[in-house]
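# Architecture and fold: a report
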Amino acid sequence: EAQVTQNPRYLITVTGKKLTVTCSQNMNHEYMSWYRQDPGLGLRQIYYSMNVEVTDKGDVPEGYKVSRKEKRNFPLILESPSPNQTSLYFCASSARRDRVGEQYFGPGTRLTVT
Amino acid sequence: GNSVTQMEGPVTLSEEAFLTINCTYTATGYPSLFWYVQYPGEGLQLLLKATKADDKGSNKGFEATYRKETTSFHLEKGSVQVSDSAVYFCALMHTGNQFYFGTGTSLTVIP
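Heads up: these notes are all about the structure in this document. (Residues numbered from 1 in each chain as written. Chains lettered and ligands numbered in written order. Predicted model: local features only at pLDDT ≥ 70, side-chain atom pairs only at ≥ 80, totals over all residues. Heavy atoms only, no water.)

## Considering the interface of chain B and chain A
Across the boundary between the two partners, chain B contributes 18 residues, which contact 22 residues of chain A. Around 1600 Å² of area is buried between chain B and chain A when both sides are counted, 53% of it from carbon and sulfur atoms. Interface area lost by chain B to chain A is led by Asn97, Phe99 and Phe101 of chain B, which between them contribute 33%. The interface formed by chain B and chain A holds 1 salt bridge in total. For Glu102 of chain A, the salt bridge is made with Lys49 of chain B, and the minimal N-O distance between the two is 2.4 Å. Taken together, the connections running from chain B to chain A amount to 4 residue pairs in polar contact (both at pLDDT 80 or more). Looking at the side of chain B that touches chain A, the elements that each hand over two or more residues are strand 5 (32-38), strand 6 (44-50), strand 10 (86-93) and strand 11 (99-101) of chain B. Residue composition of the side of chain B that touches chain A, by class: 9 nonpolar, 7 polar and 2 charged. (Contact = heavy atoms within 4.5 Å. Buried area = accessible area lost by both parts, 1.4 Å probe. Salt bridge = Lys/Arg side-chain N within 4 Å of Asp/Glu carboxyl O. Polar contact = N/O pair within 3.5 Å; in protein donor to acceptor, adjacent residues only side chain to side chain. Helix = DSSP H or I, 4+ residues; strand = E, 2+ residues; numbered from the N terminus. Nonpolar A, V, L, I, M, F, W, Y, C, P; charged D, E, K, R; others polar.)

Here it is in C-alpha cells:
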C-alpha cells in the first residue's frame with residue numbers, strides 16, 4: 001500500500017531535549033516536505049527536499065533541521081525544542097517535478113513541548 | 001510575498017445545498033493552485049488542482065477555476081453530502097516549489 005508514515009504519532013517532551021520525528025514513504029517520490037499545523041494559521045511549510053542531499057527552507061524553518069540521506073526518509077530534527085514548537089506536524093511527499101503539487105500526506109505527529 | 005486567503009468558517013449547510021468556499025491569492029509569477037481536504041484525524045488529501053489561468057480543476061463533484069484577473073480559486077459543489085464534512089484548504093505552489101496554504105475552512109453538512 002502506498003503510504004507516508006510518521007513516528008511517533010504523539011510525543012510529549014520537555015524544553016531543550018533533542019528529538020527526531022521520522023518520515024518515510026514507499027512510493028519512490030523525489031519531493032518531500034514538512035509542515036506544521038496550528039489553529040488559525042493553517043499549514044506552514046518548514047523544509048522541503050527535491051531529492052537526496054537537496055533541502056531548502058520553507059516559510060518557518062527556525063528551530064528545525066532536516067536531512068535527506070536516502071530517498072525514502074526525511075527526518076525532522078528539533079535540536080532544542082521550545083514550547084512554541086508545540087504543534088501538529090505533517091510530512092508529505094510527491095513524485096516528479098511536474099507533479100510536485102500532488103502531495104501525499106502522512107497521518108501527523110502531535111508534539112507537545114512543556 | 002506569497003499568501004493565500006480563505007473565507008472564514010465554520011460553514012454549516014444542509015444536505016444537497018450549494019457550496020462555495022472563497023479563496024484568493026497573492027503571488028509573484030504564475031503559481032499552481034490546489035484544494036486539499038482534511039477529514040477528522042487524518043492527513044490532507046489532494047482534492048483538485050489547476051496549473052494555469054482559466055484551468056478548471058474538478059473531482060468528486062467539486063470544481064474550482066483559476067482566475068488570474070481576480071487572483072481567485074473558489075471551490076464549488078452543487079449538492080453537498082454529509083460525507084463532505086471536513087476542513088478544506090486552498091494552497092498555492094510557487095515556482096520555487098514552496099507551498100503556501102490558507103488557514104482552512106471547516107464544513108459541516110447536516111442531514
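## Quick look at the sheet that holds strand 8 (residues 62-65) of chain B
Residues and elements named next belong to chain B. An order of 3-9-8-7 is seen for the 4 strands of this open sheet, with the pairing classed as antiparallel. Edge positions in the sheet fall to strand 3 (19-21) and strand 7 (56-59), since each has one partner strand and no second. When the angles between neighbouring strand axes are averaged without regard to direction, this sheet yields 15°. Pairing of strand 8 with strand 9 (residues 75-77) involves 3 bridges; the strand directions are antiparallel. Bridge pairing in strand 9 places Glu63 opposite Glu76. (Pairing = 2+ DSSP bridges. Axes fitted to C-alpha atoms, helices over the stretch in contact; angles between N-to-C directions.)

## Some thoughts on the pattern of salt bridges
Following the criterion strictly, the structure yields 7 salt bridges over all chains and no others. A salt bridge links Asp55 of chain B to Lys52 of chain B; the nearest nitrogen and oxygen atoms lie 3.3 Å apart. In the salt-bridge network here, residues are joined through shared partners; they are Arg36, Asp38 and Arg44 of chain A.

## Some thoughts on the nonpolar core
Counting 26 residues, the largest nonpolar core has Trp35, Leu48, Phe73, Leu75 and Tyr88 of chain B as the members making the most contacts within it. Sequence-distant contacts of Leu48 of chain B, defined by excluding residues within four places in its chain, comprise Leu33, Phe34, Trp35, Gly57, Ser58, Asn59, Phe62, Glu63, Ala64, Phe73 and Leu75 of chain B. Listed in part, the 19 residues of the second largest apolar core include Trp34, Tyr47, Tyr64 and Leu78 of chain A. (Core = buried A, V, L, I, M, F, W, Y, C linked by side-chain atoms within 4.5 Å. Buried < 20%, exposed > 50% of the residue type's maximum accessible area, 1.4 Å probe, protein only.)

## Here's the deal with the state of the cysteines
Scanning the model with the defined rule gives 2 disulfides over all chains in all. The disulfide that involves Cys23 of chain A links it to Cys91 of chain A, with 1.8 Å between the sulfurs. The disulfide joining Cys23 of chain A to Cys91 of chain A has a torsion of about -70° about its S-S bond and is therefore left-handed. Taken together, the residues span a long stretch of sequence, with Cys23 of chain A in strand 3 (residues 19-25) and Cys91 of chain A in strand 9 (residues 87-94) at a distance of 68 residues. Considered together, Cys23 of chain A and Cys91 of chain A belong to a single accessibility category, that of buried residues. Shown here is the disulfide that connects Cys23 of chain B with Cys90 of chain B, its sulfur atoms set 1.9 Å apart. Judged by the sign of its S-S torsion, about -70°, the cystine formed by Cys23 of chain B and Cys90 of chain B is left-handed. Of this pair, Cys23 of chain B sits in strand 4 (residues 23-26) while Cys90 of chain B is found in strand 10, placing the two residues 67 residues apart along the sequence. Taken individually, Cys23 of chain B and Cys90 of chain B each receive the classification buried, so the pair is uniform in this respect. (Disulfide = S-S within 2.5 Å.)

## Focus: the sheet that holds strand 8 (residues 76-78) of chain A
Residue and element names in this part refer to chain A. Spatially, 4 strands are ordered 1-3-8-7 in an open sheet, and the strand pairing comes out antiparallel. Looking at strand neighbours, the two that pair on one side only are strand 1 (4-7) and strand 7 (65-66), the edges of this open sheet. Across 3 bridges, the pairing between strand 3 and strand 8 is antiparallel. Its bridge partner lying in strand 8, Leu19 is registered against Leu78.

## Re the pairing of strand 1 (residues 3-6) of chain B
Residue and element names in this part refer to chain B. Residues of strand 1 alternate between two faces, with Val4 and Gln6 buried on one and Ser3 and Thr5 left unburied on the opposite face. Two elements, strand 1 and strand 4, share 4 bridges in a ladder whose sense is antiparallel. Note on strand 4: the bridge partner recorded for Gln6 is Cys23.

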